[in-house]
Amino acid sequence: MLSFNAELRLRLDSIRQQGLFRELRGVDSAQGPRLQLGGRELINFSSNDYLGLANHPALKEAAIQSVERYGAGSGGSRLLCGSLAPHQELEAALAAFKGTEAALTFSTGYATALGTITALLGKDDVVILDKLVHACIVDAARLSGAQLRVFKHNDLNDLADLLQWADSKSRIKHPASRTLVVTESVFSMDGDHAPLKEIVTLKEKYGAWLMVDEAHATGLYGIQRRGRAEELGVSERIEIQMGTLGKAIGASGGYVCGSRVLVDFLVNRARSFIFSTAPVPAASGAAKAGIRLVQSSEGDQRKRQAMRLASLLQQAATVSGMSPAAPDSLIVPIVVGEESNAVSAATEMRERGLFVPAIRYPTVARGSARLRLTITATHSEADMAKLLGALKALDLGTSPLDS
Ligand SMILES: *Cc1c(COP(=O)(O)O)cnc(C)c1O
């Protein structure tokens, strides 16, 4: 029998052979439009810090204040140790921001999906996911034990068929069976948008529940920048709105916004909330400041700036593989196909002073590897010009770039 380490080395070799090996790259600077990486400064097109709040003085100051007042750690879970003021205040701010009765925060967006879906569903229920939802939703759906079905990405006919199936078939067997539809409003690896209005109409027709992950939309869409649900006027018809505080909000943590009874239920049943140490005060303090900033005129300006820079890229897009979809998106995928081509394209971009991640399986399907560019409010026009130049010079054809 192989030793433990020999066994793992063998598995890693196989990952390498498929062009799927990943490793951590040390960064010696704060997250921002420039990164210090391996002794070099690179322009950063990898970050989900869309509004440039992660290193904003207001968020840093709020984090410091929270540490000064409430300490570095949170001591335990909130049910056990009491719910600290920074957590309570953050949830009040979130509910007010989203216009919902209540909000509940978790330590990450990942933990939010895991706790929420497994609390709501069991083996007699049905969960229906868009093909391209985030891994945390897939994992949560599997863990819930509910019957799992997947509809083709943004395909309303496919969704309607599955809702019909769930309505007729599963209810005959289990009259109390519930159906939950889960989608994202802006998809994390493609930047395109879900047809939320139509999905809301459909789920209502079949009496299903809807959970929408606004991880890449919160802080960016709608007049009050609550997200796509606000922009489309469907917030009140969505049972569960979730998201992360780690992207446009600039801090860290996850949240659910919805009815008071939903939040009370999750406090009683969401295991990733109950059995986990509460977020540190600094994270909750910074997130609250992030929410305030997003809603301010500065937040509006930052959002406009990011969208304007992204549209420069879309307009000038003559780069093959670049998705023309979703013009008002800060996520720009350049689909390369082969895993190894994506890796060499990312290397070439680094050589030109640009940090762009190569996204491969299992984050996206095999054979749809890509560069994933994210544009933020803190990029400059010069950065965009440099990016465009580098993209145009990239050879994205079938010939391997590294040969
Ligand atoms: C990033 C992301 C999450 C996870 O949020 P974290 O706070 O990073 O754990 C969940 N859903 C989607 C769509 C995401 O992009």
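Residues numbered from 1 in each chain as written. Predicted model: local features only at pLDDT ≥ 70, side-chain atom pairs only at ≥ 80, totals over all residues. Heavy atoms only, no water.

**So, the overall build of the protein**
Stage number 1. Secondary structure summary: the protein contains 15 helices and 13 strands in total.
Stage number 2. Taking 403 residues into account, the globule formula puts the C-alpha radius of gyration at 22 Å, and the protein, at 22 Å, falls close to it.
Stage number 3. Each of the three principal axes of the protein carries a C-alpha extent, and together these read 60 × 55 × 50 Å.
Stage number 4. Considering the protein as a whole, with its 403 residues, one finds that 53% of them fall into the buried category.
Stage number 5. Nonlocal contacts in the protein, meaning residues at least 24 apart in sequence, comprise 70% of its contacts between residues at least 6 apart.
Stage number 6. Surface summary for the protein: the accessible area is close to 18,000 Å², and the carbon and sulfur share equals 53%.
Stage number 7. Computing the positive centroid from 45 side-chain charges and the negative centroid from 42, the protein places the two 2 Å apart. (Helix = DSSP H or I, 4+ residues; strand = E, 2+ residues; numbered from the N terminus. Rg over C-alpha atoms; globule rule 2.2 N^0.38 Å. Buried < 20%, exposed > 50% of the residue type's maximum accessible area, 1.4 Å probe, protein only. Contact = heavy atoms within 4.5 Å. Areas by Shrake-Rupley, 256 points an atom, 1.4 Å probe, with all protein chains shown as cover. Lys, Arg positive; Asp, Glu negative; His and termini not counted. Charge placed at Lys NZ, Arg CZ, Asp CG, Glu CD.)

**Structural notes on the sheet that holds strand β7 (residues 209-213)**
Stage number 1. The strand order across the open sheet formed by seven strands is β3-β9-β8-β7-β6-β4-β5, and the pairing between neighbours is mixed. Every other strand in the sheet has two partners, leaving β3 (102-106) and β5 (147-151) as the edge strands with one partner each. Within this sheet the neighbouring strands show an average axis-to-axis angle of 20 degrees, counted without direction.
Stage number 2. One ladder, built from five bridges, connects strand β4 (residues 126-130) with β5; its direction is parallel. Each residue of the ladder has a partner; that of isoleucine 128, found in β5, is arginine 149.
Stage number 3. Running at roughly 160 degrees to β7, helix α8 (residues 196-205) makes contact with β6 (179-184) and β7 of the sheet. (Pairing = 2+ DSSP bridges. Axes fitted to C-alpha atoms, helices over the stretch in contact; angles between N-to-C directions.)

**Considerations on the nonpolar core**
Stage number 1. Grouped together as the largest cluster of nonpolar side chains are 53 residues, with contacts concentrated most on Phe45, Leu313, Met349, Leu373 and Leu387.
Stage number 2. Counting residues per element, this core draws most heavily on helix α12 (residues 281-295), which supplies seven residues.
Stage number 3. Not counting the four nearest positions on each side in its chain, methionine 349 is found in contact with Leu354, Val356, Leu371, Leu387, Ala390, Leu391 and Leu394.
Stage number 4. In terms of nonpolar packing, the next biggest core, distinct from the first, is built from 29 residues, Leu104, Leu121, Ile240 and Val263 among them. (Core = buried A, V, L, I, M, F, W, Y, C linked by side-chain atoms within 4.5 Å.)

**Observations concerning the site of the ligand**
Stage number 1. Around the ligand, the structure places 13 residues, and the nearest of them are Gly109, Asp213, His216, Thr244 and Lys247.
Stage number 2. Taking tyrosine 110, its main chain carries an N or O atom lying 2.9 Å from an oxygen atom of the ligand.
Stage number 3. Counted by class, the shell around the ligand contains three nonpolar, seven polar and three charged residues. (Near = heavy atom within 4 Å. Polar contact = N/O pair within 3.5 Å; in protein donor to acceptor, adjacent residues only side chain to side chain. Nonpolar A, V, L, I, M, F, W, Y, C, P; charged D, E, K, R; others polar.)

**Some words on the sheet that holds strand β2 (residues 40-44)**
Stage number 1. What the three strands build is an open sheet, ordered β1-β2-β11; its pairing is mixed. Because the sheet does not close on itself, it has two edges, and the strands there are β1 (34-37) and β11 (354-355).
Stage number 2. Alignment of β1 against β2, held across four bridges, turns out to be antiparallel. What sits directly across from leucine 35, in β2, is leucine 42.

**A short note on the layout of surface pockets**
Stage number 1. Taken as a whole, the second largest pocket holds about 270 Å³ of empty space.
Stage number 2. The dominant element in the lining of the second largest pocket, judged by the number of residues it contributes, is helix α2 (residues 57-70), at seven residues.
Stage number 3. Class assignment for the residues of the lining of the second largest pocket results in five nonpolar, four polar and five charged. (1 Å grid on protein atoms, 1.4 Å probe; cavity = no way out; pocket = protein on both sides within 12 Å on 5 of 7 lines; lining within 4 Å. Points joined across faces, edges and corners; volume = space filled by probe spheres on them.)

**Comments concerning the pattern of salt bridges**
Stage number 1. Scanning the entire structure with this criterion turns up 18 salt bridges.
Stage number 2. Residues aspartate 383 and arginine 34 are paired through a salt bridge, measuring 2.9 Å at the closest nitrogen-oxygen approach. Linking aspartate 383 in helix α15 (residues 381-393) with arginine 34 in strand β1, this pair joins segments that are 349 residues apart in sequence.
Stage number 3. Given a relative accessible area of 3%, aspartate 383 falls into the buried group.
Stage number 4. Close ionic contact of arginine 260 with aspartate 264 constitutes a salt bridge, the shortest N to O distance being 3.3 Å. Note that arginine 260 and aspartate 264 are positioned in helix α10 (residues 260-269) at a spacing of four residues, about one turn of the helix.
Stage number 5. Given a relative accessible area of 43%, arginine 260 falls into the partly exposed group.
Stage number 6. For aspartate 264, a relative accessible area of 36% puts it in the partly exposed group. (Salt bridge = Lys/Arg side-chain N within 4 Å of Asp/Glu carboxyl O.)

**Observations regarding the packing of α12 against helix α13 (residues 297-315)**
Stage number 1. Orientation of α12 relative to α13, taken along the N-to-C sense of each, is 75 degrees, at an axis distance of 4 Å. Judged on the interaxial angle alone, α13 and α12 are roughly perpendicular. Of the residues in α13, those in contact with Leu293, Val294 and Gln295 of α12 are Ser297, Glu298, Gly299, Asp300 and Arg302.
Stage number 2. Across the contact of α12 with α13, the residue classes break down as two nonpolar, three polar and three charged. (Parallel < 35°, antiparallel > 145°, perpendicular 65-115°, else oblique.)

**Observations concerning the state of the cysteines**
Stage number 1. Counted according to the given criterion, the structure contains zero disulfides.
Stage number 2. Left unpaired, cysteine 136 is separated from the closest cysteine sulfur, that of cysteine 257, by 16 Å.
Stage number 3. What makes cysteine 136 buried here is its relative accessible area of 3%. (Disulfide = S-S within 2.5 Å.)

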